[in-house]
Amino acid sequence: MPAMRLDKLLTHLNCGSRKEVGAYIRGGRVTVDGAAVHDPAAKIDPDAAAVALDGQVQRYRAQRYYMLNKPAGVITASRDERHETVLDLFPAGERRGLFAVGRLDKDTEGLLIVTDDGALSHALMSPGRHVPKEYEAEVEGLLAADAAERFQKGLVLKDGTVCLPAQLELLADSPALCVRVTLREGKYHQVKRMIAAVGGRVVRLRRVRLGGLALDPALASGAYRPLDDAEIALLREQRQQPG
Ligand code: URA
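Residues numbered from 1 in each chain as written. Predicted model: local features only at pLDDT ≥ 70, side-chain atom pairs only at ≥ 80, totals over all residues. Heavy atoms only, no water.

**Q** How do you make sense of the pairing of strand β11 (residues 167-172) when you look at a structure like this?
**A** As a general feature of sheets, a regular strand has side chains that alternate between the two faces. Pairing of β11 with strand β12 (residues 177-183) involves five bridges; the strand directions are antiparallel. Along β12, the bridge assignment pairs Ala172 with Cys178. Between β11 and β12, which pair antiparallel in sequence order, lie four residues. (Pairing = 2+ DSSP bridges. Helix = DSSP H or I, 4+ residues; strand = E, 2+ residues; numbered from the N terminus.)

Spelled out as structure tokens, the structure:
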């Protein structure tokens, strides 16, 4: 890769906007090969230089990985004529090649990975992998007394579909009934249908974990941020778990 301005390189490395990284550089937070560089226009060889922000070496990543806190009301698709999509939450210049890993219903919120790494996405969503997915649901109605046991044994849905063993835990029963559901598969409307099979109705659903990766509580609804190296490694680890 040809030499590049330091501020441009840091922007490519997902360290912030051009304005933000300019401030980091002028503020002395950026080093190149161990020495502070205060000039955003300094020319850097991206293949050879070790560029660090606050002491953390930033590496160029060919692929992009984001955690999105999906809001209700947007659909998990790349493009749609009528509805706002999860990719519409990204600036137009960043969308190219990106897609969501798996699917959340329009009214479901929470953790969605958006990437251009097709192999990782396939591995995480492949039915044989049984990657755990954790949801928090607000529920109306009364759940059957043996609901958790039936989840654990492999619940049978109203249409006869048999589910893999899953966990159902009570989080709160006042002022609203809230449960945590952990699945190892991803059938259509699965949490809603499982809760319906034990007598409840999901009125709010949020995914909070995918494999080892938890939704960042600091990420506002509708916001996204790049995954850091440790988080990408967590997802990759999941990929290597035996199905
Ligand atoms: N289960 C559902 O019912 N909906 C989702 O969006 C995800 C899991």
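**Q** Whenever I open this one, a negative patch on the surface confuses me. Can you help?
**A** A cluster of acidic residues, Asp80, Glu81, Glu84 and Asp88, forms a negative patch at the surface. For Glu81, the location among the structural elements is in the loop between β7 (65-70) and α3 (92-95). (Patch = residues over 30% accessible without salt bridge, like charges linked within 9 Å, V, L, I, M, F, W, Y side chains within 5 Å. Areas by Shrake-Rupley, 256 points an atom, 1.4 Å probe, with all protein chains shown as cover. Salt bridge = Lys/Arg side-chain N within 4 Å of Asp/Glu carboxyl O. Lys, Arg positive; Asp, Glu negative; His and termini not counted. Charge placed at Lys NZ, Arg CZ, Asp CG, Glu CD.)

**Q** Would you mind showing me how to read the packing of aromatic side chains here?
**A** Pairs of aromatic rings are described using the distance from one ring centre to the other and the angle between the two planes. Summed over the entire model, instances satisfying the criterion amount to three aromatic pairs. Among the aromatic residues, those joined into a cluster by ring pairs are Tyr66, Phe90 and Tyr224. (Phe/Tyr/Trp six-rings, centres within 6.5 Å; stacked < 30°, edge-to-face > 60°.)

**Q** Mind showing me how you'd approach the pairing of β7 here?
**A** When you tally the buried positions in β7, you get six out of six residues, the bulk of the element. Neither face of β7 is open: one carries Tyr65, Met67 and Asn69, the other Tyr66, Leu68 and Lys70, and all of them are buried. Both β7 and strand β9 (residues 108-115) contribute to a ladder of six bridges, which runs antiparallel. Within β9, the residue paired with Leu68 across the bridge is Leu112. Relative to strand β15 (residues 224-226), β7 is paired through three bridges, and the arrangement is antiparallel. Each bridged residue has a counterpart across the sheet, and for Tyr66 the counterpart in β15 is Pro226. (Buried < 20%, exposed > 50% of the residue type's maximum accessible area, 1.4 Å probe, protein only.)

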